[in-house]
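Residue-level structure breakdown
The chain contents come next:
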Amino acid sequence: MTHSSPAHLSPRLLQATPVTVDHASGCYIHGVDGRRYLDFTAGIGVTSTGHCHPHVVEAARRQIGSLIHGQYTTVMHRPLLELIERLGTVLPDGLDSLFFANSGSEAVEAALRLARQATGRPNIVVFHGGFHGRTVAAASMTTSGTRFSAGFSPLMAGVHVAPFPTAYRYGWTEDQATDFALRELDYLFATVTAPDETAAFVVEPVLGEGGYVPGNSRFFRGLRERADRHGILLVFDEIQTGFGRTGKFFGHHHFDVQPDVITIAKGLASGFPLSGIAASEALMAKAWPGSQGGTYGANAVSCAAAVATLDVIEKEGLVENAAARGRELVDGARDRATDAIGDVRGLGLMVGSEFTAADGTPDRDRATAAQKLAAEKGLLLLTCGAHMNVVRMIPPLVVTADQIDEALGMWSEVLAEV
């Protein structure tokens, strides 16, 4: 039986920009309309080495010719072994055991499963504004916006939410917000989830979808101290902040706090789907038999691309570049901010400009207008935040000082018009 009607994408998949890509290279996307666009979205922080980096492309091509997929609990393949060896040189001290999956959501759920099985405790504490994914368990842990969890209740039980020190939202200093967040966490222990029923804290070093809000050392040290005191695991969600994005290899390196588990994805493989968790071998051994697996995890081509990505990050000094270019980007965005923007913040190449109305309320309309006007001018950006009133800049780590200037020039024009 034949069908005459054409297929379409779901009407709920709304495109943030009007661009249809013909080809892309480095920090630029070339549309089928013949225009060149400066891409400060990087596939939502994924194309860390830029679009189609020659070293990554060659590694993937070479691997496709020898093995595309070898399921890694059935057969072992060399790209995975090489990736494990390479990750061992950059992972936090003591986190020497790895499990691989495909998406960030899967990595978060693997960390959740490990935490509950290793501790025998039911509850997880997450922090207000965090984004951890769209699958049921990950969405249950996500509080950056109701759009990620609405409409398919009941969600997973056992998740409790504590404040994140979001100083701008509270109208406080960072110290005041940190005092409040830690005090409320202790109150949560007294009223909602007892410490000896709490398996893990799961937290982003920088809130991503929640509005590009960096944490701070005192807050994370407070989590570490409470985790140690009560036998709770500290899980850093490094899916967006990892692999140089913040100007250090992992986001938590800014805060001198050691995690028990990290989740990784996004910038790991320059656009090929690959995610994972890292923990100590002793902790990972507490996962129950059969609890870790999956058909496509550690795909051979993705692993080859990840090894090549780590090559490029090291050889081209991309962590250092992210730090230097990030300072230029956040300083430039602050210098160009108008009265429409209440706050500019970020860490490395994660920079957010929060649009606020004259009465102090979130100004989603103006943020949306700015993001769309930027695309018309040739600069691709995205919005985030609970009210979608933060315009975020996430360029590839290969971005140059000239490209930062180019983007800021277009951004100035946008702000003058909105």
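About the cut-offs
Residues numbered from 1 in each chain as written. Predicted model: local features only at pLDDT ≥ 70, side-chain atom pairs only at ≥ 80, totals over all residues. Heavy atoms only, no water. Pairing = 2+ DSSP bridges. Helix = DSSP H or I, 4+ residues; strand = E, 2+ residues; numbered from the N terminus. Axes fitted to C-alpha atoms, helices over the stretch in contact; angles between N-to-C directions. Contact = heavy atoms within 4.5 Å. 1 Å grid on protein atoms, 1.4 Å probe; cavity = no way out; pocket = protein on both sides within 12 Å on 5 of 7 lines; lining within 4 Å. Points joined across faces, edges and corners; volume = space filled by probe spheres on them. Nonpolar A, V, L, I, M, F, W, Y, C, P; charged D, E, K, R; others polar.

Here the focus is the sheet that holds strand 4 (residues 97-101). Across the sheet, which stays open at both edges, the seven strands sit in the order 4-12-11-10-7-5-6 with mixed pairing between neighbours. Each end of this open sheet is capped by a strand with a single partner; those strands are strand 4 and strand 6 (159-162). Between one strand and the next, the sheet's axes are offset by a mean angle of 20 degrees, whatever the strand orientation. As paired strands, strand 4 and strand 12 (residues 275-279) are joined by five bridges and run antiparallel to one another. Across the sheet, residue S97 finds its bridge partner in strand 12, namely A279. Across the sheet, helix 4 (residues 104-119) is in contact with strand 4, strand 5 (123-127), strand 7 (198-203), strand 10 (233-237), strand 11 (261-264) and strand 12; its angle to strand 12 comes to roughly 30 degrees. Contacts from helix 7 (residues 174-191) reach strand 5, strand 6 and strand 7, with the element oriented near 145 degrees to strand 6.

With that out of the way, let us pick up the pairing of strand 2 (residues 28-31). As judged from the four bridges shared by strand 1 (residues 21-25) and strand 2, these two strands associate in the antiparallel manner. Across the sheet, residue H23 finds its bridge partner in strand 2, namely H30. Where strand 1 hands over to strand 2, the hairpin turn is made up of two residues, of which G26 adopts a positive phi near 60 degrees. In this structure, strand 2 lies alongside strand 3 (residues 36-39), joined through three bridges in antiparallel fashion. Bridge pairing in strand 3 links Y28 to L38.

As a further point, take the layout of surface pockets. Within this model, the largest pocket holds a volume of roughly 1600 Å³. As for the largest pocket, its lining consists of 45 residues, and the residues nearest its centre are L14, I44, R134, E209 and R392. For the lining of the largest pocket, the elements supplying multiple residues, two or more each, are helix 1 (42-45), helix 4, helix 12 (364-377) and strand 16 (382-384). Of the residues forming the lining of the largest pocket, the biggest block, four residues, is contributed by helix 12. Each residue belonging to the lining of the largest pocket can be placed in one class, and the counts come to 19 nonpolar, 16 polar and ten charged. Taken as a whole, the second largest pocket spans an internal volume of roughly 400 Å³. Lining the second largest pocket are 24 residues, and of these T166, R169, G210, A386 and H387 lie nearest its centre. By residue number, the principal contributor to the lining of the second largest pocket is helix 6 (residues 167-170), which donates three residues.

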